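Here is what each chain is made of, one letter per residue.
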Amino acid sequence: MSRIGKLPVNLPAGVEVKVDSNNVVTVKGPKGQLSEPVSKLVKVEIAEGVLTVTRDADTKSSREQHGLARTLINNMVTGVTAGYEKKLQLIGVGYKAEKKGKKLVMNLGYSHPVEMDDPEGITTEVPSPTEVVVKGIDKAVVGNYTANIRKWRKPEPYKAKGIRYEGEVIRRKEGKTGKK
């Protein structure tokens, strides 16, 4: 039995979960609504504020889908109640970010500023010129947009300049002078 799949998902007050005939799970909460199709190999059951995911067969594909379905549903419940946020740090001389309406404008050492529009359901904040906070209710969309921002200047290993996640450790390399 999947260790993750057999764990129940507790539904906090104010969260409503519906499963339709096509196995599409819809979670509605105080921050919004999310829906995700789940494999027909697993069964989603809701009883007394607790959601459980079970599987009928013990085939390889049903075992794979069991833990995945439970995690996706748990991420949706967490998203509509607390939401997700990722923080980025801009490290480098002249690297800075600012917010102009729904656009994130960053100076990253290129000859032009980098402008990125916030996708639907995502908000970005710039608490200081070297910090960017990405917030949203869908974990996958938040992570993907954060990765797209980071793609513009990945941290390099010599001086660790670039855009990094908060708390990320960059493996540093020794420069040419280290060889003696």
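In this text, all values refer to a predicted model and were calculated from it rather than measured experimentally.

Enquirer: Honestly, the nonpolar core in this entry has me stumped. Any pointers?
Expert: Among soluble globular proteins, nonpolar side chains are generally buried collectively. Residues Leu11, Val17, Val25, Val27, Leu51 and Ile73 are the most contacted members of the largest nonpolar core, which totals 18 residues. Of all elements in the fold, only β3 (24–29), β5 (42–47), β6 (50–55) and α1 (60–81) reach the threshold of two or more residues within this core. It is α1 that provides the largest number of residues to this core, a total of five residues. When neighbours within four sequence positions are excluded, Val17 is seen to be in contact with Leu11, Val25, Thr26, Val27, Ile46 and Leu51. Counting 17 residues, the second largest nonpolar core, distinct from the first, contains Leu88, Ala97, Val132 and Ile149.

Enquirer: Would you take a moment to explain the sheet that holds strand β12 (residues 131–136) for this structure?
Expert: Picture the strands of a sheet paired through backbone hydrogen bonds; they go either parallel or antiparallel. Sheet architecture is open: four strands sit in the order β11-β12-β7-β13, paired in antiparallel fashion. In the strand order of this sheet, the two ends are held by β11 (122–125) and β13 (162–165), each with one partner. Averaged over all pairs of adjacent strands, the angle between their axes in this sheet comes to 25°, without regard to strand direction. In the packing of helix α2 (residues 139–150) onto the sheet, the strands contacted are β7 (84–91), β11, β12 and β13, and the crossing angle to β7 comes to about 10°.

Enquirer: Mind showing me how you'd approach the pairing of β11 here?
Expert: For a regular strand, side chains alternate in direction, first toward one face of the sheet and then toward the other. Side chains Ile122 and Thr124 of β11 all project onto a buried face; the interleaved residues Thr123 and Glu125 project onto a face where none is buried. Across four bridges, the pairing between β11 and β12 is antiparallel. Its bridge partner lying in β12, Ile122 is registered against Gly136. Counting the residues in the hairpin turn of β11 and β12 gives five residues.

Enquirer: What is the right way to look at the packing of aromatic side chains in this model?
Expert: How two aromatic rings sit relative to each other is set out by the distance from centre to centre and by the angle between their planes. Tallied over the entire structure, the rule returns one aromatic pair. Consider the rings of Tyr110 and Trp152, whose centres lie 6.2 Å apart with planes at 75°: the pair is edge-to-face. Of this pair, Tyr110 sits in the loop between β9 (103–107) and β10 (114–117) while Trp152 is found in the loop between α2 and β13, placing the two residues 42 residues apart along the sequence. Its guanidinium or amino end placed over the ring of Tyr165, Lys86 lies 5.2 Å from that ring's centre, counting from NZ or CZ. The aromatic ring of Tyr110 is capped on one face by Arg153, whose charged end is 4.3 Å from the ring centroid.

What counts as what
Residues numbered from 1 in each chain as written. Predicted model: local features only at pLDDT ≥ 70, side-chain atom pairs only at ≥ 80, totals over all residues. Heavy atoms only, no water. Core = buried A, V, L, I, M, F, W, Y, C linked by side-chain atoms within 4.5 Å. Buried < 20%, exposed > 50% of the residue type's maximum accessible area, 1.4 Å probe, protein only. Helix = DSSP H or I, 4+ residues; strand = E, 2+ residues; numbered from the N terminus. Contact = heavy atoms within 4.5 Å. Pairing = 2+ DSSP bridges. Axes fitted to C-alpha atoms, helices over the stretch in contact; angles between N-to-C directions. Phe/Tyr/Trp six-rings, centres within 6.5 Å; stacked < 30°, edge-to-face > 60°. Lys NZ or Arg CZ within 6 Å of the ring centre and 35° of its normal.

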